[in-house]
Amino acid sequence: MRMTGDGEDSNLHQSCEAPNQRDSAVNDSRTLKSHLEDAKIHKDHNNAIKLPTAARNPEDEINLYQPQPPSLPRPSKAGKSGSVEETIRARRLRNSQESLSDPAETGSSTDSLKEDQTAPARGGFVHSRAAIFRNDQASTVRSLSAAVTGSQDSLSDSERRPRSQQSDPTEHRVRSSKVRLSPLQPTGPLPALEKSFASTALRAANLIDRDSLDYRILAREKLQRNLSDSRLLENMGFDSASVNSIKSTYSVLSPIRPQDVRNRSFLEGSVLGSGALLGAKELDRFFPDRRVGIYVTTWNMQGEKGLPSNLDDLLLPTDSEFAQHFYIIGVQEGCPDRREWENRLQETLGPYYVMLYAASHGVLYLNVFVRRDLMWFCSEVEHSTVTTRIISQIKTKGAVGVGFVFFGTSFLFITSHFTSGDSKVYERILDYNKIIEALELPKGLPDTNPYRSMPSDVTTRFDQVFWFGDFNFRLGKDRADVESIMKQMVGDDMAPLLQHDQLSKEMKDGSLFKGFQEAPIHFLPTYKYDIGCDIYDTTSKQRTPSYTDRILFRNRQVDDIKVIKYTSCSNIKTSDHRPVIGVFQVKLRPGRDNIPLCAGQFDRTLYLEGIRRRMTRELKRREAMKNKSSSSTICSIS
């Protein structure tokens, strides 16, 4: 091999300028390209070492097709002592200082990018330096840096090994012509990045009420399921100090492609169609477990004009982890001002809920509230009423029924008030039979399962039925006997009392409420109390404590309705009845888009009035706290 004045290999130029002179290069271009790269590696390495030409043996010509490995470095000075670690540390420090002083290292990033761009080489071949860098580039750079500075001690770990253990030079396709600093490596494993971070900027994204601080838990367990791409959940972070990090970072609205918009119809669709508004895909997006929460409460208000100062215990009990999707409130002997009652309900439930429908029959009130973002999946709401006492001028006895379809599941809610009296069991059975025959539902809504429907029973024409109210069934014992049994009961076991319950006996005999179920009762009788206290009737009538207020349910499919809670509200004492609460998880099924939808209709006037009252109440509370804190400041002058 002959070296030119500038250290270039003349054989390389000859092979590049006249490739036709070598038969093997002409016959196999791939072989020539590989050897050219090997020769280039050898040339760069010689340029870096810069050995004098005279020191080489002119007879030992290196064959272009058999590149030799780099020559071994001279042994270190015998007089120099120190450990290998100190030598490596000194070498790295010296290389870093020299590299920083190199003008080639102070160039702009644009120049570096230009140098790494792919350029055609002689002979029509293209060499890309960035495309053939390997993972061991750092060790190669350190070795070349030591060779340029002429340091005899700057040896890489691979060069200190014997020739038999050194890697094949053909593995290193390109040696960098520039000296680069080796990347800093951590001394130990980096700590795992916690997926909890506090961000002040995210806190003000969407302020919520203080009584809804459990939104953080709801977002972590519920809103994650609404994300269209489940892969986002793997790297999602949560802000433990803010309840709005997910809302301000991710959207629950999945992206829609233009083709999906073209194919989607809100009026027609199949159960399994991807474009159906009420179909399976949309149902799984909002309810992955396909169960909706239903909160049912019934209360005989005794016609009192004065309402409780706070309805939170009635609708938002503290022992509930989450609020439900639907709130169904049935009232018997309601207050004279029905609109005021609805305003109080909206004020209590707040801006998250809207009143989907309200029906009444005399002093029987039935209100349906739904979460604001779920009303688009509700059909039009229909209602019907039945009077069981025709002679009375004021309709106090009878029933109100409300029916609608949510996704593909039909619901029927009935609140009723049966005939009163300890011994009038037969009259109450007549009331039941008249109600199931006279309630004209559904009207325009389709029957989701007409094969199981009966024209003489309205409860068979819906998938999920809830019947609640003041049924007026009593305990078939004298008051003295009932009080004696109550004193002997232990805990919440009410079985000794329920053995004398008229309703349980008639249901077992099949006289009424066929196909209905009731959750186990673990609360005291809800009738009859003295107003404002927990003492049963002390008037001259001395009425027997009884379970007059009940919540029953019926479903077409087994286990469609799961009972979460069934109890009474002992904190509401403005009536001689205690309200009864039932919380249920109800199975949902996908539906079709050909049903008449409510189209987001709700009582907007009531909604705004409830929000206004909520704000006024909060302002008054803050003003009272401010006055209290200012009045508690005492100044003494001595």
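The structure presented is a predicted model; accordingly, all values stated were derived computationally and were not measured.

(A) Local environment of the overall build of the protein chain. Scanning the protein chain for helices and strands turns up 19 helices and 13 strands. The burial tally for the protein chain puts 40% of its 638 residues in the buried class. For the protein chain, long-range pairs separated by at least 24 residues make up 73% of all intrachain contacts whose partners lie at least 6 apart in sequence. Looking at the protein chain as shown, the accessible area adds up to about 36000 Å², and 51% of this sits on carbon and sulfur atoms.

(B) Main features of the sheet that holds strand β4 (residues 326-332). Ordered by their spatial adjacency, six strands build an open sheet running β5-β6-β4-β3-β13-β12, and the pairing between neighbours is mixed. The open sheet is flanked by β5 (353-361) and β12 (561-568), the only strands paired with a single partner. Between one strand and the next, the sheet's axes are offset by a mean angle of 15°, whatever the strand orientation. In this structure, strand β3 (residues 291-300) lies alongside strand β13 (residues 580-587), joined through eight bridges in antiparallel fashion. Among the inter-strand pairings, Thr297 is bridged to a residue of β13, identified as Ile581.

(C) Representation of helix α15 (residues 425-438) in the model. With 14 residues, α15 should cover 20 Å at 1.5 Å per step; its first-to-last C-alpha distance of 20 Å lies within 8% of that length. Within α15, burial applies to Val425, Arg428, Ile429, Asp431, Tyr432, Ile435 and Ile436. The buried residues of α15 all sit within an arc of 155° when viewed along its axis, so they share a single face. Across from the buried face of α15, at angles greater than 90 degrees, the exposed residues are Tyr426 and Glu437. The secondary structure elements touched by the buried residues of α15 are β7 (382-387), β8 (398-406), β9 (409-417), β10 (464-470) and α18 (502-509).

(D) Examining the packing of helix α14 (residues 338-349) against helix α19 (residues 604-631) more closely. Viewed as axis vectors pointing N to C, α14 and α19 meet at an angle of 65°, and their least axial separation amounts to 8 Å. Every pair of crossing elements has a handedness; the one defined by α14 and α19 is right-handed. Residue-level inspection shows Arg339, Glu340, Glu342, Asn343, Arg344, Gln346, Glu347, Thr348 and Leu349 of α14 in contact with α19, the latter providing Thr605, Leu606, Tyr607, Glu609, Gly610, Arg613, Arg614 and Arg617. Partitioned by chemical class, the residues of the contact of α14 with α19 number three nonpolar, five polar and nine charged.

(E) Structural view of the nonpolar core. Counting 57 residues, the largest nonpolar core has Phe326 and Phe406 as the members making the most contacts within it. Broken down by element, this core gets its largest block of residues, five residues, from β8. Leaving out residues up to four positions away in the same chain, Phe326 has contacts with Val292, Gly293, Ile294, Tyr295, Val368, Phe369, Val370, Cys378, Phe404 and Phe406. Leu412, Ile436, Val458 and Leu552 belong to the second largest nonpolar core, which has 24 residues in total.

(F) Main features of the pattern of salt bridges. One pass over the full model with this rule turns up 26 salt bridges. Here Arg613 and Glu609 are joined by a salt bridge, their closest N and O atoms 3.0 Å apart. Residue Arg613 and its partner Glu609 are located together in helix α19, separated by four residues, close to a single helical turn. A network of salt bridges, in which partner residues are shared, links Arg338, Arg339, Glu342 and Asp603.

(G) Region of the structure containing the pairing of β10. Among the seven residues that make up β10, seven are buried, leaving the element largely enclosed by the rest of the structure. One ladder, built from seven bridges, connects β9 with β10; its direction is parallel. Within β10, the residue paired with Thr415 across the bridge is Phe468. One crossover worth recording links β9 to the parallel β10 by way of α15, and it is right-handed. Relative to strand β11 (residues 549-555), β10 runs antiparallel, the two being bridged by seven bridges. The residue of β11 that forms the bridge with Val465 is Arg554.

(H) Region of interest: the sheet that holds β11. Strand order in the open sheet formed by five strands is β7-β8-β9-β10-β11, with mixed pairing between adjacent strands. Both outer strands of the open sheet, β7 and β11, are each paired with one neighbouring strand and no more. Taken over all neighbouring pairs, the strand axes of this sheet differ in orientation by 15° on average, direction set aside.

(I) Summary view of the packing of aromatic side chains. Under the counting rule described, the total for this entry stands at 29 aromatic pairs. Ring centres of Phe513 and Phe516 lie 5.6 Å apart, and the angle between their planes is 80°; on these two criteria the pair is classed as edge-to-face. Overall, Phe516 belongs to the buried group, its relative accessible area being 8%. Among the aromatic residues, those joined into a ring-pair cluster are Phe286, Phe287, Phe326, Phe377, Phe404, Phe406, Phe407, Phe411, Phe413, Phe466, Phe553 and Phe584. The residue whose ring lies beneath Arg428 is Phe473, and the NZ or CZ to ring-centre distance is 5.0 Å. When the ring centre of Tyr529 is taken as origin, the NZ or CZ atom of Arg578, which lies over that ring, is 4.0 Å away.

(J) Focus on helix α16 (residues 479-488). Arg479, Val482, Ile485 and Met486 are the residues of α16 that are buried. Projected down its long axis, α16 carries its buried residues within an arc of 125°, all on one side. Turned more than 90 degrees off the buried face of α16, the exposed positions are Ala480, Lys487 and Gln488. On its buried face, α16 is in contact with α17 (495-498).

(K) Quick peek at the state of the cysteines. Taken as a whole, this structure holds zero disulfides when the rule is applied. Free of any disulfide, Cys378 has its nearest cysteine sulfur in Cys598, 5.4 Å distant.

(L) A look at the side chain of Asp470. Looking at the element boundaries, Asp470 is found in strand β10. Despite being buried, Asp470 has no salt bridge partner; Arg474 is the closest side chain of opposite charge, sitting 6.4 Å away. A polar side-chain atom of Asp470 sits 3.2 Å from the main-chain amide nitrogen of Asn472. Every residue in contact with Asp470, bar those within four places of it in the chain, is listed here: Thr298, Asn300, Gln332, Ser416, His417, Phe418, Thr548, Asp549 and His577.

Rules behind the numbers
Residues numbered from 1 in each chain as written. Predicted model: local features only at pLDDT ≥ 70, side-chain atom pairs only at ≥ 80, totals over all residues. Heavy atoms only, no water. Helix = DSSP H or I, 4+ residues; strand = E, 2+ residues; numbered from the N terminus. Buried < 20%, exposed > 50% of the residue type's maximum accessible area, 1.4 Å probe, protein only. Contact = heavy atoms within 4.5 Å. Areas by Shrake-Rupley, 256 points an atom, 1.4 Å probe, with all protein chains shown as cover. Pairing = 2+ DSSP bridges. Axes fitted to C-alpha atoms, helices over the stretch in contact; angles between N-to-C directions. Expected span 1.5 Å × (residues − 1). Arc of directions from axis to C-beta. Left-handed = near helix turned anticlockwise from the far one by under 90°. Nonpolar A, V, L, I, M, F, W, Y, C, P; charged D, E, K, R; others polar. Core = buried A, V, L, I, M, F, W, Y, C linked by side-chain atoms within 4.5 Å. Salt bridge = Lys/Arg side-chain N within 4 Å of Asp/Glu carboxyl O. Right-handed = clockwise from strand over helix to strand, strands pointing away. Phe/Tyr/Trp six-rings, centres within 6.5 Å; stacked < 30°, edge-to-face > 60°. Lys NZ or Arg CZ within 6 Å of the ring centre and 35° of its normal. Disulfide = S-S within 2.5 Å. Lys, Arg positive; Asp, Glu negative; His and termini not counted. Polar contact = N/O pair within 3.5 Å; in protein donor to acceptor, adjacent residues only side chain to side chain.

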